[in-house]
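Residue strings, one per chain:
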Amino acid sequence: MHRLCPLCGADNHAGAVAHRLEGKEIKRCGCGMVYLENPEPAAEPSLHEGRSGDVSERMHNLIRRHFRPGNVLDVGCGAGDFLQDLDPAYTPFGIEMSRVLSPIADSIARGRGGWVVHAGEASEGFPMFSEEHFSGVVMDAFLERESRPVELLRQCARHLERDGRVIIRVPNYDCLGRRLNGDSWNGFRDPEAVNYFRPKTLLRMCREAGLVIRRFRWRDHQPFADDMWLVAGRRS
């Protein structure tokens, strides 16, 4: 599979390879986007580790601060652990790509009034919900795995309520860890990752998808941390 730049659509087939990892060619586009050019065909997603305690606590704090009570969607919800831990003020929903995990998560969500849909790609799961359905959407360590990230963010914008918010966490390609460790950087370890974001490319992609940035402070993308966090809302 040959992929164009997921941000600007440029064909970088003849361009230099920024990283070559186990036969995978990672390209750096002129727009600044870094991405896997030759991903393997989609297969059943691997079973991922859950969020660490620090990440989970920070996510719940951001949800309480930015999401109004209502329906909350976790994109790539796994077996539903996060849905189960949501504050009672929120009704949990999810999109999951694994045929093994999605029914487990669905059982948890239905116990609290929501449900989980199975989809080959997350962007295909959004249309299974009505538009303006969610007060909040969580994309935690997921956007880097989506082959069509701009379309996914557009779907997210359409399905947020007027004052809804999306919280995004992705690896930060510009971090010191990547600069120091090169191809051994932790952000390259995810076998399903196909996008590698910098602060400027994440901002541009969100804006082009119709989202307005609500929070992206220095501490949310500081160079000492491998990950960056962003909160956005739908454009009025």
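A few points on the structure. A quick note: this is a predicted structure, and the numbers were derived from the prediction, not measured.

### Structural notes on the pairing of strand β4 (residues 70-75)
A regular strand places its side chains on the two faces of the sheet in alternate fashion. For β4, the tally of buried residues reaches six of six residues, placing the bulk of the element in the interior. Here β4 runs beside strand β5 (residues 90-96); their pairing, made up of six bridges, is parallel. Residue valine 72 lies in a different strand from β5, and its bridge partner there is proline 92. Where β4 meets strand β7 (residues 134-140), three bridges bridge the pair, whose relative direction is parallel. Within β7, the position partnered with valine 72 by the bridge is glycine 136.

### Considerations on the sheet that holds β5
With mixed pairing, seven strands are arranged side by side in an open sheet as β6-β5-β4-β7-β8-β11-β10. Bordering the open sheet on either side are β6 (116-118) and β10 (211-215), each of which pairs with just one other strand. On average, each strand axis in the sheet is tilted by 20 degrees relative to the strand beside it, whichever way the strands run. Sitting on the sheet, helix α3 (residues 102-110) is in contact with β5 and β6, with an inclination near 160 degrees to β6.

### Examining the side chain of serine 98
The topology assignment puts serine 98 in the loop between β5 and α3. For serine 98, a relative accessible area of 0% translates into the label buried. One polar contact links the side chain of serine 98 to the main-chain amide nitrogen of valine 100, over a distance of 3.1 Å.

### Quick word on the pattern of salt bridges
Tallied over the full model, the rule gives 17 salt bridges. Note that arginine 68 is salt-bridged to aspartate 163, the shortest N-O span being 3.9 Å. Of this pair, arginine 68 sits in the loop between α1 (53-66) and β4 while aspartate 163 sits in strand β8 (residues 160-171), and the two are 95 residues apart along the sequence. On the basis of relative accessibility, which here comes to 40%, the residue arginine 68 falls in the partly exposed class. Judged by relative accessible area, aspartate 163 falls into the partly exposed class, the value being 45%. Here the residues in one salt-bridge network are Arg58, Arg215 and Asp220, joined through shared partners.

### Focus: the sheet that holds strand β3 (residues 34-36)
Overall, antiparallel pairing links the four strands, which are arranged β1-β2-β3-β9 in an open sheet. Edge positions in the sheet fall to β1 (17-21) and β9 (195-196), since each of these pairs with one other strand and no more. Looking at chain direction, β1 and strand β2 (residues 24-28) are connected through four bridges and run antiparallel. Its bridge partner lying in β2, arginine 20 is registered against glutamate 25.

### Considerations on the packing of aromatic side chains
Each pair of aromatic rings is reported with the distance of its centres and the angle of its planes. The tally for this structure, following the rule as stated, stands at eight aromatic pairs. Ring plane angle 80 degrees and centroid distance 4.7 Å describe the contact between phenylalanine 93 and tryptophan 115, whose orientation is recorded as edge-to-face. Taken together, the positions of phenylalanine 93 in strand β5 and tryptophan 115 in the loop between α3 and β6 put the pair 22 residues apart, joining distant regions of the chain. Residue classification places phenylalanine 93 among the buried residues on the basis of a relative accessible area of 2%. The partly exposed category is assigned to tryptophan 115, whose relative accessible area is 28%. Aromatic side chains phenylalanine 93 and phenylalanine 134 sit 5.7 Å apart centroid to centroid with 70 degrees between the ring planes, which places their arrangement in the edge-to-face category. Placement of the pair is phenylalanine 93 in strand β5 and phenylalanine 134 in strand β7, with a sequence separation of 41 residues. Across this residue pair, the class does not change: phenylalanine 93 and phenylalanine 134 are buried. Taken together, Phe93, Trp115, Phe129 and Phe134 form an aromatic cluster joined through their ring pairs.

Definitions and cut-offs
Residues numbered from 1 in each chain as written. Predicted model: local features only at pLDDT ≥ 70, side-chain atom pairs only at ≥ 80, totals over all residues. Heavy atoms only, no water. Buried < 20%, exposed > 50% of the residue type's maximum accessible area, 1.4 Å probe, protein only. Helix = DSSP H or I, 4+ residues; strand = E, 2+ residues; numbered from the N terminus. Pairing = 2+ DSSP bridges. Axes fitted to C-alpha atoms, helices over the stretch in contact; angles between N-to-C directions. Contact = heavy atoms within 4.5 Å. Polar contact = N/O pair within 3.5 Å; in protein donor to acceptor, adjacent residues only side chain to side chain. Salt bridge = Lys/Arg side-chain N within 4 Å of Asp/Glu carboxyl O. Phe/Tyr/Trp six-rings, centres within 6.5 Å; stacked < 30°, edge-to-face > 60°.

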